[in-house]
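Below, each chain spelled out in residue letters.
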Amino acid sequence: MNRFYVFKDGKQCGSTATKDRAVDLIRQYQKDETHYLLRSEFSIIEGKEEFVPYPSQQKPSRKKKDMER
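Residues numbered from 1 in each chain as written. Predicted model: local features only at pLDDT ≥ 70, side-chain atom pairs only at ≥ 80, totals over all residues. Heavy atoms only, no water.

Things to note about the overall build of the protein chain
So the rule is basically this: Runs of E in the DSSP output that reach at least two residues are strands. Runs of H or I that reach at least four are helices, and both are numbered from the N terminus. Any residue under 20% of the maximum accessible area for its type is buried, any over 50% is exposed, and the rest in between are partly exposed; the area is computed with a 1.4 Å probe on protein chains only. All accessible areas in this document rest on Shrake-Rupley with a 1.4 Å probe, and a residue is counted as covered only by the protein chains that are shown.
Counting its secondary structure elements, the protein chain contains two helices and three strands. For the protein chain, the sequential pattern of α-helices and β-strands runs β-β-α-β-α. For the protein chain, the proportion of its 69 residues judged to be buried stands at 19%. Accessible surface, the protein chain as shown: approximately 6,700 Å² in total, 49% of it carbon and sulfur.

Have a look at this one:
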């Protein structure tokens, strides 16, 4: 699944499913800016989100353990 990651001053502040939503998110953050000289820099990166499962937590059987020694 492709995602669009939004960064504010180099730190990730959110992710969205579409580029239009990412731009909307940036516009929301920009509305909250209060000082005209202290504006944040925003960027969008498109990437693929992948989930990496933990390795199996099962202990090896005794037979395999004894064979390795």
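Next comes the rest of the description.
Some details on the pattern of salt bridges
Two side chains that carry opposite charge are able to pair once their charged atoms sit near each other. What counts here: By definition here, a salt bridge exists when the distance from a side-chain nitrogen of Lys or Arg to a carboxyl oxygen of Asp or Glu is within 4 Å.
Taken as a whole and assessed by the stated rule, the structure comprises one salt bridge. Glu49 is the salt-bridge partner of Arg3, the closest N and O atoms lying 3.9 Å from each other. Taken as a pair, Arg3 in strand β1 (residues 2–8) and Glu49 in the loop between β3 (42–48) and α2 (62–68) lie far apart in primary sequence, 46 residues in all.

A look at the sheet that holds strand β2 (residues 11–16)
The condition is simple: Any two strands between which DSSP finds at least two bridges are classified as paired. To get an axis, a line is fitted to the C-alpha atoms, and for a helix only the part in contact is used. The angle between two axes follows their N-to-C directions and goes from 0 to 180 degrees.
Taken in spatial order, the three strands make up an open sheet running β2-β1-β3, and their pairing is antiparallel. A strand with exactly one partner marks an edge of an open sheet, and here the two such strands are β2 and β3. For this sheet, the mean angle separating the axes of adjacent strands, direction not counted, is 30°. Here β1 runs beside β3; their pairing, made up of seven bridges, is antiparallel. Bridging from a neighbouring strand, Phe4 pairs with Glu46 of β3.

Notes on unusual backbone geometry
At Asp9, a residue that is not glycine, the phi angle is positive and equals roughly 55°. Structurally, Asp9 is set in the loop between β1 and β2. Residue Asp9 is classed as partly exposed on the basis of its relative accessible area of 49%.

Purely geometric stuff here, so don't read any function into it on its own.
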